[in-house]
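# Observations on the model geometry
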Amino acid sequence: MKPFRIPARQRGVAVIMALLLTALAITVVASLFWQQQVQVRSMENQRLRLQTQWAMRGMVDFARFWLRQDNPSLTAADGIWATPIEEARLDDYVDREKVDTEKFDATVSGRAFDAQARFNISNLANVTGNVNPPQVKAYQRLLANLQLDSGLAQATADAVVRARPRSSTPNTGSNDGNNGGTNGGTSTPTPAGSGGDSAPVAFTQIEDLLSVPGYTPQVIEKLRDFVIVLPTTTPSAVNVNTAPAEVLSAVTTLSVSEASAVTLSNPRKKFVDEGNFTNNTNASRIDGVPIDVKSSYFLAVIRVRLDRAALDAQALVWRQPNPQRTTSLVWLREN
């Protein structure tokens, strides 16, 4: 009896089918491995992000701690609060499995700025909810100093009045006093229009000025280091110890060149009161525009880097004028 032989054509089809099944199996296995790798990388990214957020909140608490150590009755550029932190390593404090050949970078850096060294847009409206003409004049001078359209001042003041929060008194929330908790107390006022009316939303950051006709992204960038939107009007207004020349000239009788001379001649200038400022500069404040030598609001700029993850953030901290030097976190924004 002759042995059964498979025709050559059928043998070729069988080989092709075997190759196709092998390729399919390899594709399925590779896909499973890829999905597993993606899931592992996603979990690792989430962990890195959580770690950067906690490190960032730790930096905010650190800034609040230093503000409590500083003299609240005199805010100058040589204060403890102004000491920058340059690339402090966190390798020993971050819980993470490391590969022997892996280079793992974990650093934090940051510094604090006096928010009241800048012109507070909220001051364009007074406590009664009307336009504040002296502050409008000061803002006009600032715009002119920056070679921008001074006509934007009145339009900005009108917009601030229309979108004024119902309450201009900071809400300290669950303030933790000297404990420096990560949540802090938020002093974010209730925005206008949140109660169902048709009023515009209150200004909370400088980018909100783009809603006012005449402002462009280029104008905003030019104003960024000279203007800020605080959650309330600031009776102490601009701090002459920390204000740049353009802002100092806007709120006093000094010209920009004279203000620059004051700033450059003494980079660590420290005026102890308004009278001391007047005596040393032969200048005075503009009528109706208060100046001061102390500040209550500070801006902390923070950068956290963990391996391939990086996080930039800004935090506004309010130091209350009380004997305990209580600090509250007003807002925290990731960039």
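A few points on the structure. Everything numeric in this text was worked out from a predicted model, so none of it was measured. (Residues numbered from 1 in each chain as written. Predicted model: local features only at pLDDT ≥ 70, side-chain atom pairs only at ≥ 80, totals over all residues. Heavy atoms only, no water.)

## Considerations on the pairing of strand S2 (residues 106-114)
Of all the nine residues making up S2, seven are buried; the element is thus mostly covered by neighbouring parts of the structure. Bridge count between strand S1 (residues 85-89) and S2: three bridges; the pairing is antiparallel. Its bridge partner being in S2, Arg89 is matched across the sheet by Thr107. The sheet contact formed by S2 and strand S7 (residues 297-306) spans nine bridges and is antiparallel. By the bridge assignment, Thr107 is partnered in S7 with Arg305. (Buried < 20%, exposed > 50% of the residue type's maximum accessible area, 1.4 Å probe, protein only. Helix = DSSP H or I, 4+ residues; strand = E, 2+ residues; numbered from the N terminus. Pairing = 2+ DSSP bridges.)

## Things to note about the packing of helix H2 (residues 133-145) against helix H3 (residues 152-162)
Two elements in contact, H2 and H3, have axes separated by 8 Å at closest approach and are oriented at 135 degrees. Regarding the angle of H2 to H3, the classification is oblique. In this structure, H2 crosses over H3, and the sense of that crossing is right-handed. Touching Val136, Tyr139, Gln140 and Leu143 of H2 are Leu152, Ala153, Gln154, Thr156 and Ala157, all from H3. Tallied by class, residues from the contact of H2 with H3 come to six nonpolar, three polar and no charged. (Axes fitted to C-alpha atoms, helices over the stretch in contact; angles between N-to-C directions. Parallel < 35°, antiparallel > 145°, perpendicular 65-115°, else oblique. Left-handed = near helix turned anticlockwise from the far one by under 90°. Contact = heavy atoms within 4.5 Å. Nonpolar A, V, L, I, M, F, W, Y, C, P; charged D, E, K, R; others polar.)

## Quick word on H2
Its 13 residues give H2 an end-to-end C-alpha distance of 18 Å, which sits within 8% of 18 Å, the value for a rise of 1.5 Å per residue. Of the residues making up H2, those classed as buried are Gln135, Val136, Ala138, Tyr139, Leu142 and Leu143. Down the axis of H2, the smallest arc covering the buried residues is 160 degrees, so these residues share one side. Contacts made by the buried residues of H2 are with strand S3 (119-120), H3, helix H4 (217-223), strand S4 (227-228) and helix H5 (245-251). Positive backbone phi, approximately 60 degrees, marks Gln147, located one or two places after H2. (Expected span 1.5 Å × (residues − 1). Arc of directions from axis to C-beta.)

## Here we look at a nonpolar patch on the surface
Among the surface-exposed residues, Val13, Ile16, Met17 and Leu20 lie close enough to one another that they form a single nonpolar patch of about 380 Å² accessible area. Inspection of the secondary structure puts Val13 in helix H1 (residues 8-69). (Patch = residues over 30% accessible without salt bridge, like charges linked within 9 Å, V, L, I, M, F, W, Y side chains within 5 Å. Areas by Shrake-Rupley, 256 points an atom, 1.4 Å probe, with all protein chains shown as cover. Salt bridge = Lys/Arg side-chain N within 4 Å of Asp/Glu carboxyl O.)

## Re the side chain of Asp114
Structurally, the position occupied by Asp114 is in strand S2. One buried charged residue, Asp114, remains without a salt bridge, the closest side chain of opposite sign being Arg319 at 7.7 Å. A polar side-chain atom of Asp114 sits 3.4 Å from a polar atom in the side chain of Asn239. Polar contacts involving the side chain of Asp114 include one to the side chain of Thr242, which spans 2.6 Å. In contact with Asp114, other than residues within four places in its own chain, are Thr75, Trp81, Asn239, Thr242, Ser295, Tyr297 and Phe298. (Lys, Arg positive; Asp, Glu negative; His and termini not counted. Polar contact = N/O pair within 3.5 Å; in protein donor to acceptor, adjacent residues only side chain to side chain.)

Bear in mind that shape data such as this cannot, by itself, settle questions of function.
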